[in-house]
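# Geometric and topological summary
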Amino acid sequence: MKANRNYPIAVITEKAERSLRNGHVWVYGEEITETVGHYENGDLVDVVSKKGRFLGTGFINDNSKIRIRIISKNANDKFDSAFFERRLRYCFRYRQTVMGDDFDCCRLIFGEADGFPGLTVDRFHDILVTQTLSLGIEKRKDIIFPLMIKVLAETGVTVRAIFERNDVGIREKEGLDEYKGFYEYDGLATDLDGKTEICENGVYYDIDYINGQKTGFFLDQKYNRLAAAKIAKDKTVLDCFTHTGAFALNCAKAGAKRVTAVDISKDAIELTRKNAARNGLENVDFLCEDVFELLTRLYESGDKTYDYIILDPPAFTKSSKTVRNAERGYKQINMKAMQLLPRGGYLATCSCSHFMTDERFRKMLKSAAVDAGVSLLQIEARQQSPDHPILWNVPETEYLKFYIFQVI
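What counts as what
- Note on numbering: residues in each chain are counted from 1, in written sequence order.
- Owing to the predicted nature of the model, reporting of local features is limited to residues with pLDDT of at least 70; listing and counting of side-chain atom pairs is limited to 80 or more, with chain, interface and lining totals taken over all residues.
- Calculated side-chain values reflect all of the structure's heavy atoms, with hydrogen atoms and water omitted.
- Any two strands are treated as partners once DSSP identifies two or more bridges connecting them.
- Helix numbering and strand numbering both begin at the N terminus, where a helix is a DSSP run of H or I of at least 4 residues and a strand a DSSP run of E of at least 2.
- The axes used here are C-alpha line fits, helices contributing only the stretch in contact, and every angle between their N-to-C directions lies in the interval 0 to 180 degrees.
- Throughout this description, the term nonpolar core refers to a set of buried Ala, Val, Leu, Ile, Met, Phe, Trp, Tyr and Cys residues connected via side-chain atoms within 4.5 Å.
- Working definition: with a 1.4 Å probe on protein chains only, accessible area under 20% of the residue-type maximum means buried, over 50% means exposed, and in between means partly exposed.
- The contact criterion used is simple: two residues touch if any of their non-hydrogen atoms lie within 4.5 Å.
- An angle below 35 degrees is read as roughly parallel, one above 145 as roughly antiparallel, one from 65 to 115 as roughly perpendicular, and any other as oblique.
- Should the near helix be turned counterclockwise from the far one by less than a right angle, the crossing is left-handed, whereas a clockwise turn marks it as right-handed.
- Polar contacts, as counted here, are pairs of nitrogen or oxygen atoms within 3.5 Å of one another; within protein the pair requires one atom able to donate a hydrogen and one able to accept it, and residues that are adjacent in sequence qualify only if both atoms are side-chain atoms.

## Comments concerning the sheet that holds strand 9 (residues 127–132)
- Across the sheet, which stays open at both edges, the five strands sit in the order 7-8-9-10-11 with mixed pairing between neighbours. Either end of the sheet is taken by a strand with one partner, and the two such strands are strand 7 (105–110) and strand 11 (179–182). Adjacent strand axes in the sheet meet at a mean angle of 15 degrees when their direction is disregarded.
- The sheet contact formed by strand 10 (residues 161–166) and strand 11 spans four bridges and is antiparallel. Paired with Phe-163 across the bridge in strand 11 is Phe-182.

## Points about the nonpolar core
- Judged by nonpolar contacts, the single largest core of 44 residues is most densely connected at Phe-124, Tyr-205, Phe-217, Cys-251, Tyr-308 and Ile-310.
- Here the element with the most residues in this core is helix 6 (residues 246–253); it accounts for six residues.
- Among all residues touching Tyr-308, those that are not within four sequence positions of it are Ala-228, Ile-231, Ala-232, Lys-235, Thr-236, Val-237, Leu-238, Cys-251, Leu-341, Tyr-346, Leu-347 and Ala-348.

## A closer look at the packing of helix 5 (residues 222–230) against helix 6
- Between helix 5 and helix 6, the least distance of the axes is 8 Å, while the angle of their chain directions is 45 degrees. If you check the angle between helix 5 and helix 6, you find them oblique. Here helix 5 runs over helix 6; the crossing is right-handed. Residues Asn-224, Arg-225, Leu-226, Ala-228 and Ala-229 of helix 5 form the contact with helix 6, whose participating residues are Ala-246, Phe-247, Asn-250 and Cys-251.

## Remarks on the pairing of strand 7
- For strand 7, the tally of buried residues reaches six of six residues, placing the bulk of the element in the interior.
- Sheet analysis places strand 7 next to strand 8 (residues 119–124), joined by five bridges and oriented antiparallel. Within the sheet, the bridge partner assigned to Ile-109 lies in strand 8 and is Val-121.

## Examining the sheet that holds strand 1 (residues 9–12)
- Strand order across the open sheet formed by six strands is 2-6-5-4-1-3, with mixed pairing between neighbours. With one partner strand each, in any of the chains shown, strand 2 (26–28) and strand 3 (32–36) form the two edges of the open sheet. Strand-to-strand twist of the sheet, defined as the mean angle between neighbouring strand axes without regard to direction, takes the value 35 degrees.
- Bridge analysis of strand 2 against strand 6 (residues 66–72) gives three bridges, and the strand direction is antiparallel. The partner of Tyr-28 across the bridge, within strand 6, is Ile-66.
- Here helix 1 (residues 14–21) sits on the sheet in contact with strand 1, strand 2, strand 4 (44–48), strand 5 (54–60) and strand 6, set at roughly 105 degrees to strand 1.

## Topic: the side chain of Arg-95
- Relative to the elements of secondary structure, Arg-95 occurs in helix 2 (residues 81–99).
- Exposure remark for Arg-95: the relative accessible area of 0% places this residue in the buried category.
- Beyond its immediate sequence surroundings of up to four residues, Arg-95 is in contact with Gly-100, Phe-103, Cys-106, Arg-107, Leu-108, Ile-109, Phe-110, Asp-114, Asp-387 and Pro-389.

## Quick look at the side chain of Asn-224
- Tracing the backbone shows Asn-224 in helix 5.
- A polar contact of 2.7 Å, which involves the side chain of Asn-224, links it to the side chain of Gln-221.
- In terms of polar contacts, Asn-224 uses its side chain to reach the backbone carbonyl oxygen of Gln-383, at 3.2 Å.
- If near-sequence neighbours (up to four positions away) are discounted, Asn-224 is found in contact with Phe-247, Arg-382, Gln-383, Leu-400 and Phe-402.

Have a look at this one:
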């Protein structure tokens, strides 16, 4: 068997072949039946069927359950600087098209959906925050990162610094160390304090890309916040799991009568307080409390203060093994919110876990409504913003579910 372009070859099962031909980009360890040629972890290998049909080229890593991450299905591709520059240009042009004026603050690269498996890049004006979760990309970041600066410069964007948020446990599954720090490259700053200001939907935020959750700010809810704010005028809003206060501040800016921002984290509440002050929003209260306990207490006391509740919890599950427990958690908070709201009140609710599928989430909401003794009138059903594109036939790229209801 002759290797294409002298790359080692991985022969895969018929099941894996069907998956790749149907559009997926992962090959699992148990799906490889044979390898031909020497490789090191992080190298490129050609993937072929049992009959020798070329199916794609990807990064191989024996440390990972996802053994091969396909980067191209074009047998003519050469994986040099020109290839990565071309692919970056595709990514950035797409964001300029779909985000328009929001290109200043958006996700520039969304892993597999953009052909950069395991790589996330968020832009906060002149700061890029990256997260690298695959060895193949890690070994090539010294090619990719300088090219990002070059391609962005063509659009008039000057990059001041690149900060790597590689402080996540999933890197261990790739055989990679956890760390965070500034990427060192000619002309880039490496001594910043990690604080920067962004503007989203006309609301200003101070964010901390060094110590904040994920890359410092959740960009995927950008347009869901606008949708939530559209019905907030004159409402009394309870924003649960507020984090940086994004939903709360969008609603306050849209004319809500009063907004209460709730989070169990004192740091999150303090950051929300600062962000509210930065925007001159005086119709916001702040509460540091466990959301589950708060909803229970308010319901048991018969409190009907709030006619609009927003639930934006963290992912209750990051594994298919724990999705049932997560479902119980989602049902508990949604049922409590439905019970707490007056008839005719409004509920915005979401899940950011891929494993909590839309079908499962909808089923949970129906069950919660039955147990709460209410009916749900759907206003909107939404997903992640388009800078987090969904690659069809790669279900892992589809994760955010967002619904707005009237409770009747």
